[in-house]
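Overview (structure and organization)
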Amino acid sequence: MHSFVSVGAARLEILQIHAERVDRPWLVFLHEGLGSIAMWRDFPQRVCDAVNCRGLVYSRSGYGRSSPLPAPRSVDYLHREAIAVLPALCDQLGIDHPLLFGHSDGASIALIHAATYPEHAAGVIALAPHIRVEAITIAGIEAAREAWNNTDLRSKLARYHADPDAVFLDWSGIWLDPVFRNWNIEALLAGIRCPVLAIQGEEDEYGTMLQIDGIAANAHRSAVTLCKLAACGHSPQRDQAQAVMVATTVFVEQLLRNKNDIDP
């Protein structure tokens, strides 16, 4: 059931899955740059059912039915979400040692959080993560802006967000800002200590395999599993849902076998 929780000045839309399973770990789902709870559809429910875990899905400020952003995004917006908002939300809901499941921007947030708070995250599942800005990333966002101006993209996003204009223009604006071209978290990844599953499609329109290969190269103090999917774009959970489900189930079950001391 959807509800709301206040974190600082923000009112965040949340969805809890199987919250009654008090002896099971939490999976926290972190959406993409244009995402929300609703845009995940039933995928978080299916994952939680498959691995018998509790789940928390939430829409970040400015997304879905959460409160608007108080100001335009800054270059460090992903870091702020990972370092301040996510831990505050988990603390408020009593979520300890979660498994973080992130897509695109959400995957970057999960990685930053795990690197900054290595004792907090039990594991990271990163779908189509960004660890640096590539030329293909900029080209993909420029194409998305063209679609925004010339197609029904706005009306599609309006199904999932209270303010689709703010969602799209704020997201595309910061990524296309020349200052953002230098955004890079590769060095930060050395702080990760938990296992990581990184999944990317071979036809991802926003990044190359340098993204997940870079995780393996830089998060060298953690066990990193790479999953590269053919016939798959930037949304593996839609393009190759079954393959993502299988990889996630194997990863989580192995992690839980190896980490019997994860607190529920």
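Heads up: the structure comes first, above all this text.
Source: prediction; values computed, not measured.

**Regarding the packing of helix H3 (residues 77–93) against helix H4 (residues 105–116)**
Interhelical geometry of H3 versus H4 gives an angle of 65° and a closest axis separation of 8 Å. For the pair H3 and H4, the sense of crossing is right-handed. Residues Tyr-77, Leu-78, His-79, Glu-81, Ala-82, Ile-83, Leu-86 and Pro-87 of H3 form the contact with H4, whose own contacting residues are Asp-105, Ser-108, Ile-109, Ile-112, His-113 and Thr-116. Within the contact of H3 with H4, the residues separate by chemical class into eight nonpolar, four polar and two charged.

**Thoughts on the pattern of salt bridges**
Scanning the entire structure with this criterion turns up seven salt bridges. The partner of Glu-32 in a salt bridge is Arg-238, and the shortest N-O contact between them spans 4.0 Å. Residue Glu-32 is located in the loop between strand S3 (26–30) and helix H1 (37–40), and its partner Arg-238 is located in helix H9 (residues 236–239); the two are separated by 206 residues in the primary sequence. Residue Arg-238 is classed as partly exposed on the basis of its relative accessible area, which comes to 38%. Between Arg-132 and Glu-186 there is a salt bridge, with its nearest N and O atoms 3.8 Å apart. One end of the pair, Arg-132, is in the loop between strand S6 (123–127) and helix H5 (135–150); the other, Glu-186, is in the loop between helix H7 (164–175) and strand S7 (196–201), and 54 residues separate them in sequence. We classify Glu-186 as buried; its relative accessible area is 18%.

**Quick notes on the sheet that holds S3**
Across the sheet, which stays open at both edges, the eight strands sit in the order S1-S2-S4-S3-S5-S6-S7-S8 with mixed pairing between neighbours. Both edges of this open sheet fall to strand S1 (2–7) and strand S8 (224–229), since each of them pairs with a single strand only. On average, adjacent strands in this sheet sit at an angle of 20° to one another, irrespective of strand direction. Where S3 lies against strand S5 (residues 99–103), four bridges are found, and the strand directions are parallel. The residue bridging Phe-29 from the neighbouring strand is Phe-101, located in S5. Lying over the sheet, H4 contacts S3, S5, S6 and S7, oriented at roughly 145° with respect to S5.

**Looking at the nonpolar core**
Of all hydrophobic cores here, the largest spans 59 residues; its most connected members are Val-28, Leu-111, Val-124, Trp-171, Trp-175, Ile-192 and Ile-215. At seven residues, H4 tops the list of elements feeding residues into this core. With residues up to four places along the chain from it excluded, the contact list for Ile-215 reads Leu-111, Pro-129, Ile-131, Leu-189, Val-196, Ala-198 and Val-224. Core analysis: the next-biggest nonpolar cluster, separate from the first, contains 29 residues, Leu-15, Leu-99, Leu-127 and Val-252 among them.

**Digging into the packing of aromatic side chains**
Using the criterion set out here, one finds 11 aromatic pairs in the structure. On the basis of an interplanar angle of 75° and a centroid distance of 6.0 Å, the ring pair of Trp-40 and Phe-101 is categorised as edge-to-face. Placement of the pair is Trp-40 in helix H1 and Phe-101 in strand S5, with a sequence separation of 61 residues. Note on accessibility: Trp-40 and Phe-101 belong to one class, buried. Among the aromatic residues, those joined into a cluster by ring pairs are Phe-29, Trp-40, Phe-43 and Phe-101. Between Arg-11 and the ring centre of Phe-4, over which it is positioned, the NZ or CZ distance is 3.9 Å. Positioned above the aromatic ring of Tyr-63, the side-chain terminus of Arg-60 is 5.3 Å from the ring centre.

**Observations regarding H3**
A rise of 1.5 Å per residue sets the reference length of H3, with its 17 residues, at 24 Å; its end C-alpha atoms lie 23 Å apart and thus fit the reference within 8%. Within the span of H3, buried status applies to Tyr-77, Leu-78, Glu-81, Ala-82, Leu-86, Pro-87, Leu-89 and Cys-90. Following H3 by one or two positions, Gly-94 has its phi on the positive side, about 70°.

Criteria and cut-off values
- Residues numbered from 1 in each chain as written.
- Predicted model: local features only at pLDDT ≥ 70, side-chain atom pairs only at ≥ 80, totals over all residues.
- Heavy atoms only, no water.
- Axes fitted to C-alpha atoms, helices over the stretch in contact; angles between N-to-C directions.
- Helix = DSSP H or I, 4+ residues; strand = E, 2+ residues; numbered from the N terminus.
- Left-handed = near helix turned anticlockwise from the far one by under 90°.
- Contact = heavy atoms within 4.5 Å.
- Nonpolar A, V, L, I, M, F, W, Y, C, P; charged D, E, K, R; others polar.
- Salt bridge = Lys/Arg side-chain N within 4 Å of Asp/Glu carboxyl O.
- Buried < 20%, exposed > 50% of the residue type's maximum accessible area, 1.4 Å probe, protein only.
- Pairing = 2+ DSSP bridges.
- Core = buried A, V, L, I, M, F, W, Y, C linked by side-chain atoms within 4.5 Å.
- Phe/Tyr/Trp six-rings, centres within 6.5 Å; stacked < 30°, edge-to-face > 60°.
- Lys NZ or Arg CZ within 6 Å of the ring centre and 35° of its normal.
- Expected span 1.5 Å × (residues − 1).

On their own, these measurements won't tell you what the molecule is for.
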